Amino acid sequence: MSWNFSTADTQKGRVAIVTGANTGLGFATATGLVRLGASVVLASRSEQRLAQAASKIRALYPQADLLCRQIDLGDLSSVRGFAEAFLRTHDRLDLLINNAGIMMTPYQLTPDGFERQLAVNYIGHFALTDHLLPLINATSNARIVTLSSLAHNWWKIQLDDLHFTSGYTARRAYGQSKLACLMFSYELARRLEQAGSKTRSVAAHPGFSSTSLFRDMPKIARVLMPLVTQSARDGALPILYAALGEDVKTGDYCGPSGFTQYWGPPARVFSSKASKDQQVAAQLWEATMRMITAS
Ligand SMILES: NC(=O)c1ccc[n+]([C@@H]2O[C@H](COP(=O)([O-])OP(=O)(O)OC[C@H]3O[C@@H](n4cnc5c(N)ncnc54)[C@H](OP(=O)(O)O)[C@@H]3O)[C@@H](O)[C@H]2O)c1
């Protein structure tokens, strides 16, 4: 039977961070974790939207243990500030859900000089994980869940031009960023295992889910989207399965089990051959480490 709430363990006493938690899949994931009793830090870029999300969750679960914390994943100084504040106030981190994302936005560089989709979707989460890893490793049975997408098939890792100094297309840059997230999750699993850590690194994707992610897509695609998408609540199930499923191992990839992974109950799923290239993953890791330490 697929993972579902009725068979899930209580999360009472456990602490989770969900990035991009004010709406869409992050909101549904955070709500699911609250339902199971976890203390959840809702992390996103707008204080106001975070407060609104917290109110909505409290309306459903009045006992919810929630904190709202601002983070801009497209700005490494904000990521550092968020992590430092969290480390000052918490002595455990059981679940880090690297969920926030943007899709197919016009070309833009972040304050650190990074292509924006790569920065928000991938580099910011890489840096966040790096800052929090000692605490995660010190917490027993902890997991790091990183969001990828079917779009990881759309492009490659441009090791010689990660930030698109030429040839930018919004689709390619989104594809690269989501392939980077997936390769990061796999590479992190390998590195954690080699270091003897019990922390699990698991990737997840929600198939096609109805959220505001598609706001920069052409109008025709946005009009047709509801015909092929599942709800954000259903799209969050593979994320919750990746975070909580007992049979999920480090290095797994979880997604919907239905037609071409578009929708359906959560399961462990396959990813592209390119996503499994360990040489590219190691080179990407080193390049990203240089980027986050230089900024
Ligand atoms: N929906 C799908 O079908 C689908 C498919 C495959 C993968 N995914 C992945 O699922 C994840 C969640 O997407 P979604 O569909 O739930 O999209 P969404 O509804 O647009 O939510 C994205 C979340 O990320 C936050 N965010 C955006 N930029 C940020 C930044 N610079 N710093 C911090 N937070 C930021 C947003 O905050 P604001 O509200 O302030 O913008 C929002 O909370 C993404 O990683 C996406 O790539 C989604």
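Residues numbered from 1 in each chain as written. Predicted model: local features only at pLDDT ≥ 70, side-chain atom pairs only at ≥ 80, totals over all residues. Heavy atoms only, no water.

1. Details of the overall build of the protein
Here is step 1 of the chain: Within the protein one finds nine helices and eight strands.
Here is step 2 of the chain: In terms of overall size, the protein behaves like a compact globule, its C-alpha atoms giving a radius of gyration of 18 Å where 295 residues would be expected to give roughly 19 Å.
Here is step 3 of the chain: Among the 295 residues that make up the protein, the fraction classed as buried is 57%.
Here is step 4 of the chain: Nonlocal contacts in the protein, meaning residues at least 24 apart in sequence, comprise 74% of its contacts between residues at least 6 apart.
Here is step 5 of the chain: Carbon and sulfur atoms make up 53% of the accessible area of the protein, which amounts to about 13,000 Å² in all.
Here is step 6 of the chain: Averaging the coordinates of the 30 positive side-chain charges in the protein and doing the same for the 22 negative ones gives two points 5 Å apart. (Helix = DSSP H or I, 4+ residues; strand = E, 2+ residues; numbered from the N terminus. Rg over C-alpha atoms; globule rule 2.2 N^0.38 Å. Buried < 20%, exposed > 50% of the residue type's maximum accessible area, 1.4 Å probe, protein only. Contact = heavy atoms within 4.5 Å. Areas by Shrake-Rupley, 256 points an atom, 1.4 Å probe, with all protein chains shown as cover. Lys, Arg positive; Asp, Glu negative; His and termini not counted. Charge placed at Lys NZ, Arg CZ, Asp CG, Glu CD.)

2. Some words on helix H3 (residues 76-89)
Here is step 1 of the chain: Helix length check: H3, at 14 residues, gives a terminal C-alpha distance of 20 Å against a target of 20 Å (1.5 Å per residue), a fit within 8%.
Here is step 2 of the chain: Looking at the buried positions of H3, the neighbouring elements they touch are strand S1 (15-19), strand S2 (39-44), strand S3 (65-70), helix H4 (116-137) and helix H9 (278-294). (Expected span 1.5 Å × (residues − 1).)

3. Some words on the sheet that holds S3
Strands pair in a sheet through their backbones, by hydrogen bonds, and they do so in one of two ways: parallel or antiparallel.
Here is step 1 of the chain: The strand order across the open sheet built from eight strands is S3-S2-S1-S4-S5-S6-S7-S8, with neighbouring strands paired in mixed fashion. Sheet topology places S3 and strand S8 (266-268) at the edges, where each strand pairs with a single neighbour. Here the average twist between neighbouring strands, direction ignored, is 20°.
Here is step 2 of the chain: Of the pairings in the sheet, the one linking S1 to strand S4 (residues 95-98) comprises three bridges and is parallel in character. Bridging from a neighbouring strand, Val 18 pairs with Ile 97 of S4.
Here is step 3 of the chain: Of the strands in this sheet, S1, S2, S3 and S4 are in contact with helix H1 (residues 24-35), which crosses S1 at around 170°. (Pairing = 2+ DSSP bridges. Axes fitted to C-alpha atoms, helices over the stretch in contact; angles between N-to-C directions.)

4. A short note on the packing of aromatic side chains
Here is step 1 of the chain: One pass over the full model with this rule turns up 13 aromatic pairs.
Here is step 2 of the chain: Within the aromatic cluster, the residues linked to one another by ring pairs are Phe 208, Phe 214, Phe 259, Tyr 262 and Trp 263.
Here is step 3 of the chain: In this structure, Arg 171 packs its charged tip against the face of Trp 154, placed 4.2 Å from the ring centre.
Here is step 4 of the chain: Positioned above the aromatic ring of Trp 155, the side-chain terminus of Arg 172 is 4.0 Å from the ring centre. (Phe/Tyr/Trp six-rings, centres within 6.5 Å; stacked < 30°, edge-to-face > 60°. Lys NZ or Arg CZ within 6 Å of the ring centre and 35° of its normal.)

5. Considering unusual backbone geometry
Here is step 1 of the chain: Although it is not a glycine, Thr 260 adopts a positive phi angle of roughly 40°.
Here is step 2 of the chain: Positionally, Thr 260 belongs in the loop between strand S7 (253-256) and S8.
Here is step 3 of the chain: Positive phi values are uncommon outside glycine, yet Gln 261 reaches one of about 65°.
Here is step 4 of the chain: Relative to the elements of secondary structure, Gln 261 occurs in the loop between S7 and S8.
Here is step 5 of the chain: Exposure remark for Gln 261: the relative accessible area of 9% places this residue in the buried category.

6. Notes on the side chain of Gln 261
Here is step 1 of the chain: Within the structure, Gln 261 has its side chain in polar contact with the backbone oxygen of Phe 270 (distance 3.3 Å).
Here is step 2 of the chain: Gln 261 has contacts with Leu 150, His 205, Gly 207, Pro 256, Val 269 and Phe 270, leaving out every residue within four places of it along the chain. (Polar contact = N/O pair within 3.5 Å; in protein donor to acceptor, adjacent residues only side chain to side chain.)

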